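Read off the chains here:
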Amino acid sequence: MIFAVLSSFLTNLETKTLQSDFTVTVAEEVNAPMNYPGTITMSGNCFRLSMFSVDAAYDGKTMYMYSGDTDELTLTNPTDQELVETNPLLYAKALVPVCNVTERATSDGAQTIITLTPKDQSIGINRFVLRVRTSDLMPLSVEIKEGNKTSTLKMKEPKFINTKPEYVIKADADTYVNDMRL
């Protein structure tokens, strides 16, 4: 059963365009946490993501990965698994059928914490926690616990925008294009 806030949140991701800066923090018990800033714009399963010196985009068919370090654009037709590994908000949607889901409001009611716990631990994660601002269903953070590693994505001033961006990365004349589509 999908709970009310989770269901409405997933519907918003299908029908609206989300834009946000973010920071991903990866922490393991033996190492100091590493922080990685980036930006994302997404609507439905289409998205544009910038992190490190890499820009990624998915237009519903083709994945574009541009590396500024090598001036290379790689084009692929990603699998569903590759898409959810790239975008944690899509990962939440994919996890719903194979997880136990709980939803609870914070003490002040401002946020809803949605926890997805796999019914079968062999899928590779222990827990997926999504924090959503209750008033407008804006995603605030995602935490994924895998063994002794925790990855946390924190949104910075997320908003829904009215424009529909182009989810394509175009190559310059001197950019090397590696077309791996079938």
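Before reading further, recall that the structure is shown in the block above.
Not measured: the values here are computed from a predicted model.

Here is what the cut-offs are and how they apply
- Residues numbered from 1 in each chain as written.
- Predicted model: local features only at pLDDT ≥ 70, side-chain atom pairs only at ≥ 80, totals over all residues.
- Heavy atoms only, no water.
- 1 Å grid on protein atoms, 1.4 Å probe; cavity = no way out; pocket = protein on both sides within 12 Å on 5 of 7 lines; lining within 4 Å.
- Points joined across faces, edges and corners; volume = space filled by probe spheres on them.
- Helix = DSSP H or I, 4+ residues; strand = E, 2+ residues; numbered from the N terminus.
- Nonpolar A, V, L, I, M, F, W, Y, C, P; charged D, E, K, R; others polar.
- Pairing = 2+ DSSP bridges.
- Axes fitted to C-alpha atoms, helices over the stretch in contact; angles between N-to-C directions.
- Salt bridge = Lys/Arg side-chain N within 4 Å of Asp/Glu carboxyl O.
- Buried < 20%, exposed > 50% of the residue type's maximum accessible area, 1.4 Å probe, protein only.

Draft legend 1. Up close: empty space enclosed by the protein. Tallied over the full model, the rule gives one cavity of 30 Å³ or more. Where the lining of the largest cavity is concerned, the elements lending two or more residues are helix H1 (4–15) and helix H3 (88–95). Each residue belonging to the lining of the largest cavity can be placed in one class, and the counts come to four nonpolar, no polar and two charged.

Draft legend 2. Structural view of the sheet that holds strand S3 (residues 46–51). Spatially, twelve strands are ordered S7-S8-S9-S10-S11-S1-S2-S3-S4-S5-S6-S12 in an open sheet, and the strand pairing comes out mixed. Strands at the two margins of the open sheet, each flanked by one partner only, are strand S7 (99–105) and strand S12 (176–179). Shown here is a sheet whose adjacent strand axes are inclined to one another by a mean of 15°, direction ignored.

Draft legend 3. Fine view of the pattern of salt bridges. In the structure shown here, the tally under the stated rule is six salt bridges. For Glu-14, the salt bridge identified is with Lys-93, shortest N-O distance 2.8 Å. Of this pair, Glu-14 sits in helix H1 while Lys-93 sits in helix H3, and the two are 79 residues apart along the sequence. Residues Glu-146 and Lys-149 are paired through a salt bridge, measuring 3.9 Å at the closest nitrogen-oxygen approach. By relative accessible area, which is 29% here, Glu-146 ends up partly exposed.

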